[in-house]
Amino acid sequence: MTYDQLVAFLAVAGEGTFLAASARLHKSQPAVSKLVRNLEDELGIELFDRREYRATLTDAGRRFYERAAAVIESTEGLRSFAKALSGKVEPILRLAVEAVAPLAPIMEICRAAQMRYPSVRIELGTERLSGAADALRDNRADLVVATTMGMHSVQVEMAPFRGVRILPVARFDHPVATSGTPIPAAVLRGHAQVILRDSAQSADAPSLNVLAGGLRWTVTDVAAKKEVILAGMGWGGLPEHVVADALASGELVALQVPEFEAEVMELFAMRRRDRAHGVVAQAVWEELKRNGETAAAAVAERRGSPPRRGTKRRR
């Protein structure tokens, strides 16, 4: 069996179809099918049940999947170790960050990496909702700081980074801010909710804290969302660190919206398990983990409880 055969097998298992796996691997569908079929012939077992549209793992395929994933992860880890030993610095580090993430700690980490490795070019992209999963899956990002939305089909290593509190807000004189508490659902839906458009390419990209059946304004970044709300043209959820000054000055007021699904967006530093990581990416990864641990310890100290040691991702 070959490395390429195992990678093709894992891609099909993860994506669910040979077509999706071929797009992920940037190979033709016949090439991916041949790699998997050759692997099955060599092993003498059927790894997939091909009777339906989706390529479903057989019982033997599920057992083989666990071993194959471990082999690929170990191989990529060895490649990363070899890169570190060689001291070769990758020319570009691609970092994708969820739009609601506080940038200050991330910029400090990038600044330190730039000073330590002056030849590296850092590319920072902002993603929204499940867009970070797309970036990691399609190899458009080496590291991401985001929620786990859309990460179900990606083998990722993850470490807690921050919990960002999302506050529904409106301008002080907006009708939803002056209609009393709790705000009637009809009033909320009768005025435009300003929402961020998911940057994922999938047609069925998930939404978060979006009221069904209501009027909507759609924007592509947090700064624009805040400006639309400040202009009194709608209401919506914004990160606490973004609206703290406006709330303190009275320009914005916090709303009570029981229909909101999440009060806090948990952000994680994440990277692919099945890809080699360069020297700079490894250094930034370690700093993101350390920064997240420090932040968690500070929150725990304020609350008088022990810090979290990590969060297991649901598979």
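Fair warning: this is a prediction, and the values are worked out from it, not measured in the lab. (Residues numbered from 1 in each chain as written. Predicted model: local features only at pLDDT ≥ 70, side-chain atom pairs only at ≥ 80, totals over all residues. Heavy atoms only, no water.)

Asks: Residues and numbers for the overall build of the protein, please.
Replies: Scanning the protein from terminus to terminus reveals 10 helices and 11 strands. Projected onto its principal axes, the C-alpha positions of the protein cover 70 × 50 × 35 Å. Expressed as a percentage of the 315 residues in the protein, the buried residues total 44%. In the protein, 72% of the contacts between residues at least 6 apart in sequence involve partners at least 24 apart. Just so you have it, the protein exposes about 16,600 Å², and 53% of that area is on carbon and sulfur atoms. Of the side chains in the protein, 42 bear a positive and 38 a negative charge, and the two mean positions are spaced by 3 Å. (Helix = DSSP H or I, 4+ residues; strand = E, 2+ residues; numbered from the N terminus. Buried < 20%, exposed > 50% of the residue type's maximum accessible area, 1.4 Å probe, protein only. Contact = heavy atoms within 4.5 Å. Areas by Shrake-Rupley, 256 points an atom, 1.4 Å probe, with all protein chains shown as cover. Lys, Arg positive; Asp, Glu negative; His and termini not counted. Charge placed at Lys NZ, Arg CZ, Asp CG, Glu CD.)

Asks: An account of the environment of glutamate 127 is needed here, citing residue identities and associated values.
Replies: Examined against the element boundaries, glutamate 127 turns out to sit in strand β4 (residues 121-127). Sequence separation between glutamate 127 and tryptophan 235 is 108 residues, and the spatial gap between their C-alpha atoms is 21 Å. Residues within four places of glutamate 127 in sequence aside, it is in contact with Ala96, Val97, Glu98, Ala99, Ala132, Ala135, Arg140 and Ser199.

Asks: Help me get a handle on the packing of aromatic side chains, residues and values and all.
Replies: The final tally for this structure, using the stated rule, is 5 aromatic pairs. What links up through ring pairs into an aromatic cluster is the set Phe9, Phe18, Phe48, Phe64 and Tyr65. Sitting over the ring of phenylalanine 161, arginine 162 keeps its end group 4.7 Å from the ring centre. (Phe/Tyr/Trp six-rings, centres within 6.5 Å; stacked < 30°, edge-to-face > 60°. Lys NZ or Arg CZ within 6 Å of the ring centre and 35° of its normal.)

Asks: An account of empty space enclosed by the protein is requested, with residue identities and associated values reported.
Replies: In total, this model carries 3 cavities of 30 Å³ or more according to the counting rule given. When its volume is computed, the largest cavity comes out at roughly 220 Å³. Every residue lining the largest cavity is counted, 18 residues in all, and those nearest its centre are Leu129, Leu196, Leu208, Lys225 and Gly237. Top element by residues in the lining of the largest cavity is strand β7 (residues 193-196). It accounts for 4 residues. A volume near 50 Å³ is recorded for the second largest cavity. Lining the second largest cavity, in full, are Val7, Leu10, Ala11, Arg24, Ile72, Asp274 and Arg275. For the lining of the second largest cavity, the leading source of residues is helix α1 (residues 3-15), giving 3 residues. When grouped by side-chain class, the residues that make up the lining of the second largest cavity number 4 nonpolar, no polar and 3 charged. (1 Å grid on protein atoms, 1.4 Å probe; cavity = no way out; pocket = protein on both sides within 12 Å on 5 of 7 lines; lining within 4 Å. Points joined across faces, edges and corners; volume = space filled by probe spheres on them. Nonpolar A, V, L, I, M, F, W, Y, C, P; charged D, E, K, R; others polar.)

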